[in-house]
Amino acid sequence: MSEASFIIETYGRLLDEDRLEDWLDLFAEGCRYEIVSRENRAQNLPLSLMLCDNKDMLRDRIHSLRHANVFNIHRDCHVIGLVRAEPGREGRISATAAYSLFQSNQDGETRLFSVGRYQFDFLPSDTGLLIESAIVIVDTGTIPTLLATPI
Amino acid sequence: MSEASFIIETYGRLLDEDRLEDWLDLFAEGCRYEIVSRENRAQNLPLSLMLCDNKDMLRDRIHSLRHANVFNIHRDCHVIGLVRAEPGREGRISATAAYSLFQSNQDGETRLFSVGRYQFDFLPSDTGLLIESAIVIVDTGTIPTLLATPI
Amino acid sequence: MSEASFIIETYGRLLDEDRLEDWLDLFAEGCRYEIVSRENRAQNLPLSLMLCDNKDMLRDRIHSLRHANVFNIHRDCHVIGLVRAEPGREGRISATAAYSLFQSNQDGETRLFSVGRYQFDFLPSDTGLLIESAIVIVDTGTIPTLLATPI
């Protein structure tokens with residue numbers, strides 16, 4: 001398993017386990033986290049479903065989720081497909097994988113919440129690769145409730 | 001592909017192919033097989049959806065499925081995500097992976113049956129790793145028909 | 001990641017990106033592409049949902065999709081599970097993996113379209129492995145709209 005696959009596995013698992021603060025540790029300081037529809041991405045339209053263009057924004061987001069936001073209580077299950085990783089410029093690694101995200105509510109009912117594709121860029125650091133850019137390209141545009149937690 | 005990933009792939013494929021006796025061969029004699037809801041697991045509640053705490057119980061279970069149980073005829077399809085494997089004590093390996101399990105009925109209709117996470121411990125043996133403990137932590141609590149075959 | 005896994009990842013991703021001509025390049029000239037129900041496969045019944053027994057038939061199929069066929073516009077998302085690859089005769093590789101295929105329509109609504117199993121045989125060539133035979137064994141028999149694009 002490549003280091004990129006390893007981090008993508010960790011990314012999904014930490015979200016599933018609601019370990020959002022640990023999930024945050026996967027990112028570099030100057031990171032970008034964006035959820036965008038495939039349609040907008042293909043046409044280079046600027047509108048995102050969620051956009052954090054540095055780690056402090058992502059910290060704020062997690063802080064709000066923990067302390068301020070009201071949203072449906074649910075459990076996530078990320079089933080992530082085969083990962084393709086490729087070397088990029090200056091020791092960076094790019095990787096992509098299709099994902100399916102299922103949400104279960106407090107009654108134990110599961111629904112398909114979102115499918116799409118991760119497009120990650122990783123930056124080498126002293127402690128290994130960090131996520132420099134995480135673009136989540138969603139096929140599912142009609143996200144049926146408030147998009148609260150990261151995908 | 002690590003040996004743990006290899007066995008997890010085999011685990012899902014043998015269930016999909018209804019080769020339950022071969023699936024049984026993946027387990028060590030003193031094995032534990034348990035299906036538990038994520039909620040009960042998180043709170044350390046003892047109630048399981050299915051529990052076999054040695055291989056003979058699992059053999060009985062398969063025998064009943066073949067000869068006694070009446071249940072809806074279906075085909076399983078396990079789509080298993082990225083595997084994380086880690087060394088444990090005394091040559092053991094622990095591994096985890098999210099899974100999605102789809103069931104199709106005799107009319108060819110498919111539904112999402114269960115999502116959750118495998119938590120496996122493997123024991124080294126002369127013939128390779130064997131499953132010492134398979135905990136299936138299900139997010140989907142409302143299993144809509146009798147939970148007959150293993151997940 | 002084995003070369004077989006690498007090609008299976010590419011196979012799914014190119015379909016998702018609607019790069020059907022590049023997808024075609026994965027196949028050998030004397031290839032077979034077949035979509036068959038699990039039931040018919042198990043009983044060796046000859047009826048397929050789609051059958052192309054050489055690359056020109058597959059080229060025709062793609063050409064029709066681009067220029068002639070009328071079908072529901074959709075985006076595919078293939079989430080492919082763990083791959084098992086095994087050496088075959090004369091340098092060939094056989095590989096299998098379970099897949100889930102989700103389709104999203106122009107309103108951004110996603111549905112589970114098909115689940116099943118890929119059974120691929122790869123042929124070595126000067127440029128690496130090519131697909132000699134791709135059998136898609138579908139569990140989902142009731143494909144709810146015209147099966148237009150490859151699975």
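As shown above, the structure is provided for reference.
Residues numbered from 1 in each chain as written. Chains lettered and ligands numbered in written order. Predicted model: local features only at pLDDT ≥ 70, side-chain atom pairs only at ≥ 80, totals over all residues. Heavy atoms only, no water.

A few words now on the overall build of chain A. Check the secondary structure of chain A and you find 4 helices and 7 strands. Helices and strands in chain A line up, N terminus first, as α-α-β-α-β-α-β-β-β-β-β. By its C-alpha atoms, chain A is 45 × 35 × 30 Å across when sized along the principal axes. A buried classification covers 55% of the 151 residues belonging to chain A. By sequence separation, contacts in chain A at least 24 residues apart represent 58% of the contacts at least 6 residues apart. Looking at charge distribution, chain A has the averaged site of its 15 positive side-chain charges lying 3 Å from that of its 23 negative ones. (Helix = DSSP H or I, 4+ residues; strand = E, 2+ residues; numbered from the N terminus. Buried < 20%, exposed > 50% of the residue type's maximum accessible area, 1.4 Å probe, protein only. Contact = heavy atoms within 4.5 Å. Lys, Arg positive; Asp, Glu negative; His and termini not counted. Charge placed at Lys NZ, Arg CZ, Asp CG, Glu CD.)

Right, let's get into helix 1 (residues 3-16) of chain A. Helical geometry: 3.6 residues make up each α-helical turn, so side chains three or four residues apart lie on a common side. All names here are of chain A. An ideal rise of 1.5 Å per residue puts 20 Å on 14 residues; helix 1 measures up with 20 Å between its terminal C-alpha atoms. Burial analysis of helix 1 places 12 of its 14 residues in the buried class, the great majority of the element. Within the span of helix 1, buried status applies to A4, S5, I7, I8, E9, T10, Y11, G12, R13, L14, L15 and D16. One or two steps after helix 1, the chain reaches D18, where phi turns positive at roughly 55°. (Expected span 1.5 Å × (residues − 1).)

Each copy superposes on the other: chain B lies on chain A with an RMSD of 0.0 Å after a rotation of 120° and an axial shift of 0.0 Å. With respect to symmetry, the two chain copies, as superposed, fit the operation of a three-fold axis. Among all C-alpha atoms of chain B, that of G81(B) lies closest to the rotation axis, at 3.3 Å. (Least-squares fit on C-alpha atoms with pLDDT ≥ 70 in both.)

A few words now on the side chain of D16(A). Turning to its location among the elements, D16(A) is positioned in helix 1. Note on D16(A): relative accessible area 5%, which makes it buried. Setting aside residues up to four positions removed in sequence, D16(A) forms contacts with D76(A), C77(A), H78(A), R38(B) and R117(B).

Residues and elements named next belong to chain B. Notably, E90 is not glycine yet its phi reads approximately 50°, a positive angle. Its location among the elements puts E90 in the loop between strand 4 (84-87) and strand 5 (93-104). Accessibility expressed as a relative area gives 67% for E90, which makes it exposed.

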